[in-house]
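Structural description and commentary
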Amino acid sequence: MTTPHASPARGEIVRLDGERIRVIHDERTIAERVLELARAVAASEPVNLLVVPVLKGSFIFAADLLRAFYRVGLLTEVDFMILASYGAGTTSSGTVNVLRDIETDVAGRDVLLVEDILETGRTLAAARDLLRERGARRVMTAVLLDKQVERAADVAADFAGFTCPDVFVVGYGMDKAHAYRELPFIGEVLPNDDDSGRTES
Ligand code: PRP
């Protein structure tokens, strides 16, 4: 038997699998911000835009952003790249591997890289540099979360949803050892000894 979950509000603590996750951005807030980002991207007047979600973490953000593009009148093409810089742990290994490349020729095109989170910047910088080398006319970057940590690579988000403190976040595509990607909100995984905040039963 599964138990249905409510859509928790910002600040609530959700208990899942013995883990406590505090909601940082709830569903409605994310949806509103994604629509604003779509408007901002459209206002940049992209030409022949190819959207490239960098998987896996970006898959929900990208799906919502793409549908928001349609709503604001921006038509695009989409191709996918799978990059990995982390294993199943929580710290960066410092290297970026292309596990799956796009099939589309980007020469002369505007490209929008879509990422769930910008941390050291290694992943986004690697993708950007690859597409620039292939002759993309303009490589833009959209990230849902811009984490406030020191960058290891010289890269910034052209479009950012929210700034994010240096905490471990999950949900809305982001995982902890492959779990929690399906959460419709963005939450902070709380350390086990932290008992502050409200509780959802
Ligand atoms: C995460 C996230 C970004 C990257 C950000 O991916 O999705 O791609 O890390 O970190 P950086 O700015 O330090 O490079 P991860 O490698 O965990 O893989 P996943 O997207 O498949 O979960």
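Let us look at the structure shown here.

Calculation rules
The residue count restarts for each chain, going from 1 along the sequence in the order it is written. Local features are withheld for residues below a pLDDT of 70 in this predicted model, meaning they are given only at 70 or higher, and side-chain atom pairs are given and counted only at 80 or more; totals for whole chains, interfaces and linings count all residues. Here a strand is any run of E in DSSP of at least two residues, a helix any run of H or I of at least four, and the numbering for each starts at the N terminus. As defined in this context, the radius of gyration uses C-alpha atoms, and a globule is described by 2.2 Å times the residue total to the power 0.38. We call two residues in contact if the C-beta atoms placed from their backbones are at most 7 Å apart. Field definition: a residue is buried when 20 or more other C-beta atoms are found within 10 Å of its C-beta, exposed when 12 or fewer are, and partly exposed for counts in between, with C-beta atoms placed from the backbone. Expected helix span is taken as 1.5 Å per residue step, with the number of steps being one fewer than the number of residues. Directions pointing from the helix axis toward each C-beta atom define the arc. As used in this record, a residue near a molecule or strand is one whose C-beta atom, placed from the backbone, is within 6 Å of it. For this scheme, ten residues count as nonpolar: Ala, Val, Leu, Ile, Met, Phe, Trp, Tyr, Cys and Pro. Four count as charged, namely Asp, Glu, Lys and Arg, and the remainder, Gly too, count as polar.

Here we come to the overall build of the protein chain. Broken down by element type, the protein chain carries three helices and twelve strands. Relative to a compact globule of 201 residues, whose C-alpha radius of gyration would be 17 Å, the protein chain shows 17 Å and is just as compact. Expressed as lengths along the three principal axes of its C-alpha atoms, the size of the protein chain is roughly 55 × 40 × 35 Å. A separation threshold of at least 6 residues defines the contact pool for the protein chain, and within that pool the share at least 24 residues apart is 65%.

We now examine unusual backbone geometry. Of note, the amide linkage connecting Leu55 to Lys56 takes the cis form, showing an omega dihedral of 15 degrees. Relative to the elements of secondary structure, Lys56 occurs in the loop between strand 3 (50–55) and helix 2 (59–72). Backbone geometry at Glu45 places phi at a positive 50 degrees, although glycine is not the residue there. Mapped onto the secondary structure, Glu45 falls in the loop between helix 1 (27–43) and strand 3. Phi at Tyr180 takes a positive value of approximately 75 degrees, unusual for a residue other than glycine. In this fold, Tyr180 is placed in the loop between strand 10 (169–170) and strand 11 (186–189).

Another aspect to go through is the environment of Glu182. Position of Glu182 relative to the elements: it lies in the loop between strand 10 and strand 11. The exposure class of Glu182 is exposed, given the 10 C-beta atoms found within 10 Å. Spatially, the C-alpha atom of Glu182 lies 22 Å from that of Asp166, the residues being 16 residues apart in sequence.

To continue, consider helix 1. The end-to-end C-alpha distance of helix 1 is 24 Å, a good match for the 24 Å that 17 residues give at a rise of 1.5 Å each. If you check which residues of helix 1 are buried, you get Ile30, Val34, Leu37, Ala38 and Val41. End-on view of helix 1: buried residues confined to an arc of 105 degrees, all on one side of the axis. Along helix 1, the residues that are exposed and aim more than 90 degrees away from the buried face are Arg28, Glu32 and Ala43. Looking at the buried positions of helix 1, the neighbouring elements they touch are strand 2 (19–25), helix 2, strand 7 (110–118), strand 8 (138–147), strand 9 (159–164) and strand 11. The positive-phi residue at the C-terminal boundary of helix 1 is Glu45, with phi of around 50 degrees.

So, about the environment of Gln148. Looking at the secondary structure, you find Gln148 in the loop between strand 8 and strand 9. Expressed as a C-alpha distance, the spacing of Gln148 and Tyr172, which sit 24 residues apart in the sequence, is 19 Å. Setting aside residues up to four positions removed in sequence, Gln148 forms contacts with Thr163, Cys164, Pro165 and Asp166.

Looking now at the site of the ligand. In the vicinity of the ligand lie 18 residues, with Lys56, Gly57, Glu119, Thr120 and Thr123 positioned nearest. At the level of secondary structure, the elements contributing two or more residues to the shell around the ligand comprise strand 7 and helix 3 (122–133). For the shell around the ligand, the leading source of residues is strand 7, giving four residues. Tallied by class, the residues present in the shell around the ligand amount to six nonpolar, six polar and six charged.

In this section: helix 2. Between the first and last C-alpha of helix 2 there are 20 Å, a value that for 14 residues agrees with the 20 Å anticipated at 1.5 Å per step. Those residues of helix 2 that fall on the buried side of the exposure criterion are Ile60, Phe61, Ala62, Asp64, Leu65, Ala68 and Phe69. Where helix 2 is buried, its residues meet helix 1, strand 3, strand 7 and strand 8. Immediately beyond the C-terminal end of helix 2, within one or two residues, lies Gly73, with a positive phi of roughly 90 degrees.

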